[in-house]
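Listed here are the chains, written in short residue letters.
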Amino acid sequence: MVSFNKMGVVPAGLVLLALCVAGVWSNEAQDAWASRQRRVQATPNGDGQKKFSGRIVGGTELTEPLPYLLSLRDSGFHICGASIINAKHALSAAHCQSPPSDVNRLTLLAGITKRTDETNGILFKVANVTTHPDFSLKTYLSDVAIIRIVTSFLDHPNLAAIPLISTTYKLRVSSVASVSGWGLTAQDSMLAPTLRTVRIPIVSYSSCVNKWRPVPIVWTAICAGHPGRDSCNGDSGGPLVQDGVQIGLVSWGADRCGSDYPGIYTYVGNKNIRKFIEENSGV
């Protein structure tokens, strides 16, 4: 059982649960993140239909933490990415809490590059999670959630909130954004031990719809990616960033990460998404 101090922060040096023992993953650790990922079969199966399955390929390792990036954890195990958007709130994907975890098991780890480095990271206790009321597991409409913590991210000088894209911003096709996380670096591999980032181009909505048909691409989403460069399982909820501003978050994609199927991201600039964020965080 984890003991928090009165400020809702785990004391320095307290290590929760190791995700790896002698280089071998426990089933519990793998199940923690794998159960939260949603992917689509990129090649039709026997009945000719594309179906949902579980979710950084082609990227590089980072040597310094990103001040806004978080690891959302259940019982000490990484399940999804998240981002700091103000002193007490973080942004992630609704499907990362579908089904919902017991809030007493949820924490957010900040200030790290090594995924299991809770000794040097800053661990925050989660107070509550609010998922978008229109979120649909069938289509991934409005795949966004707000996570509120007990204390404040901004009490720590090395952490910072990332600005969110405005609803009037004109997203440019083929412009480049970056996505970062501890997800798989290749299909059928394990979570990356060190934070990775990859730069990917924005794909037009019409091209994305045509590529993915008959799987629907909802109006709260944008598409990004390039063959060999993609987010992957374990990156869900993590921020898609352009010019220092968060424009999206990892929602879902092809079961074969890095394929020619664009990754799907919840668009933070969508008016419906921004209204939800403002109502539940003030941002």
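Our structure is the block above this text.
Predicted model, so just to flag it, every value in this text is computed and none were measured. (Residues numbered from 1 in each chain as written. Predicted model: local features only at pLDDT ≥ 70, side-chain atom pairs only at ≥ 80, totals over all residues. Heavy atoms only, no water.)

Draft legend 1. Main features of the nonpolar core. Ranked by size, the top nonpolar core spans 43 residues in total, and within it Leu 91, Leu 108, Leu 240 and Ile 277 carry the most contacts. If sequence neighbours within four positions are ignored, Leu 108 has contacts with Leu 70, Ser 71, Leu 72, Ala 82, Ala 90, Ile 122, Leu 123, Phe 124, Val 126, Ile 147, Ile 149 and Phe 153. Listed in part, the 16 residues of the second largest apolar core include Phe 135, Leu 141, Ala 221 and Ile 264. (Core = buried A, V, L, I, M, F, W, Y, C linked by side-chain atoms within 4.5 Å. Buried < 20%, exposed > 50% of the residue type's maximum accessible area, 1.4 Å probe, protein only. Contact = heavy atoms within 4.5 Å.)

Draft legend 2. Region of the structure containing unusual backbone geometry. Geometrically, the link from Ser 98 to Pro 99 is a cis peptide bond, its omega value of 5° lying close to zero. Looking at the element boundaries, Pro 99 is found in the loop between strand S8 (89–92) and strand S9 (106–110). Look at the link from Arg 213 to Pro 214: it is a cis peptide, with omega at 15°. Assignment of secondary structure puts Pro 214 in the loop between helix H2 (205–212) and strand S14 (221–224). A positive phi angle is found at Tyr 140, which is not glycine, with a value near 70°. The topology assignment puts Tyr 140 in the loop between strand S10 (122–131) and strand S11 (145–149). (Helix = DSSP H or I, 4+ residues; strand = E, 2+ residues; numbered from the N terminus.)

Draft legend 3. Examining the state of the cysteines more closely. Overall, the coordinates contain three disulfides when judged by the stated rule. Sulfur-sulfur distance for the disulfide between Cys 80 and Cys 96 comes to 2.1 Å. Disulfide Cys 80-Cys 96: torsion about the S-S bond near -95°, hence left-handed. Note that Cys 80 is positioned in strand S7 (residues 77–84) and Cys 96 in the loop between S8 and S9, a separation of 16 residues in sequence. Judged by relative accessible area, which is 0%, Cys 96 ranks as buried. When the cysteines of the protein chain that form disulfides are numbered from the N-terminus onward, they connect as 1-2, 3-4, 5-6. (Disulfide = S-S within 2.5 Å.)

Draft legend 4. Region of the structure containing the pairing of S11. In terms of burial, S11 is largely enclosed, as four of its five residues are buried. One ladder, built from four bridges, connects S8 with S11; its direction is antiparallel. Residue pairing for S11: Ala 90 is matched across the bridge by Ile 147. Relative to S11, S10 runs antiparallel, the two being bridged by five bridges. Looking across to S11, one finds that Thr 131 is bridged to Ala 145. (Pairing = 2+ DSSP bridges.)

Draft legend 5. Fine view of the pattern of salt bridges. All told, the structure shown has three salt bridges when counted by the stated rule. Put simply, Arg 73 and Glu 118 hold a salt bridge, and the shortest N to O gap is 3.0 Å. Of the two residues, Arg 73 sits in strand S6 (residues 69–74) while Glu 118 sits in the loop between S9 and S10, which places them 45 residues apart along the sequence. You can call Glu 118 buried: its relative accessible area is 6%. Taking the shortest distance from any N to any O, the salt bridge between Arg 105 and Asp 74 comes out at 2.7 Å. One end of the pair, Arg 105, is in the loop between S8 and S9; the other, Asp 74, is in strand S6, with 31 residues separating them in the sequence. For Asp 74, a relative accessible area of 8% puts it in the buried group. (Salt bridge = Lys/Arg side-chain N within 4 Å of Asp/Glu carboxyl O.)

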